[in-house]
Amino acid sequence: MGAPIVVHRPAPGTGGRAVTINGGLAGLAHSDRDLIGFLRRAGIYDAEHLLDDPAWIEWRECRAHCYEAK
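Since the model is a prediction, treat every value here as computed from it, not as a measurement. (Residues numbered from 1 in each chain as written. Predicted model: local features only at pLDDT ≥ 70, side-chain atom pairs only at ≥ 80, totals over all residues. Heavy atoms only, no water.)

Asker: How would you explain the environment of glycine 27 if you had to name every residue and give the values?
Answerer: When you line up the elements, glycine 27 lands in strand β3 (residues 24–29). Taking the C-alpha atoms as reference points, glycine 27 and valine 7, 20 residues apart in sequence, are found 10.0 Å from one another. (Helix = DSSP H or I, 4+ residues; strand = E, 2+ residues; numbered from the N terminus.)

The structure is reproduced here in structure tokens:
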């Protein structure tokens, strides 16, 4: 089974990455700070410690912590 949190590829032209938690859209993150905010609103309060844990977060089609469009 995959990670419960997916950070999708950056949006073309505008940047930012869609974030889904257990398949539901949490929002569009433009930074790690945004991503941490989404996770905290979902009840994950130690979110900053999970950003590089592949059991929790899957970063798709771009390296982790990159939010700019290409």
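On we go.
Asker: How would you explain the pairing of strand β1 (residues 5–10) if you had to name every residue and give the values?
Answerer: As defined by bridge partners, β1 adjoins strand β2 (residues 17–21) across 4 bridges and the pair is classed as antiparallel. Note on β2: the bridge partner recorded for proline 10 is arginine 17. (Pairing = 2+ DSSP bridges.)

Asker: Any chance you could break down helix α1 (residues 32–41) for me, citing the residues and the numbers?
Answerer: Within the span of α1, buried status applies to Leu35, Ile36, Gly37, Phe38 and Leu39. Packing partners of the buried residues in α1 comprise β1, β2, β3 and β4 (57–59). Positive backbone phi, approximately 95°, marks glycine 43, located one or two places after α1. (Buried < 20%, exposed > 50% of the residue type's maximum accessible area, 1.4 Å probe, protein only. Contact = heavy atoms within 4.5 Å.)

Asker: Describe in detail the packing of aromatic side chains, supporting the description with residues and values.
Answerer: Where two aromatic rings form a pair, the distance of their centres and the angle of their planes describe that pair. Applying the stated rule across the entire model yields 1 aromatic pair. Taking the centre distance of 6.1 Å and the plane angle of 75° together, the rings of tryptophan 59 and tyrosine 67 count as edge-to-face. (Phe/Tyr/Trp six-rings, centres within 6.5 Å; stacked < 30°, edge-to-face > 60°.)

Asker: So what about the sheet that holds β2? Which residues, and what values?
Answerer: In space, the 4 strands of this open sheet follow the order β3-β2-β1-β4, with mixed pairing throughout. At either end of the open sheet lies a strand with only one pairing partner, and these are β3 and β4. Within this sheet the neighbouring strands show an average axis-to-axis angle of 20°, counted without direction. With 3 bridges joining them, β1 and β4 adopt parallel strand pairing. Within β4, the residue paired with isoleucine 5 across the bridge is isoleucine 57. Here α1 sits on the sheet in contact with β1, β2, β3 and β4, set at roughly 155° to β3. (Axes fitted to C-alpha atoms, helices over the stretch in contact; angles between N-to-C directions.)

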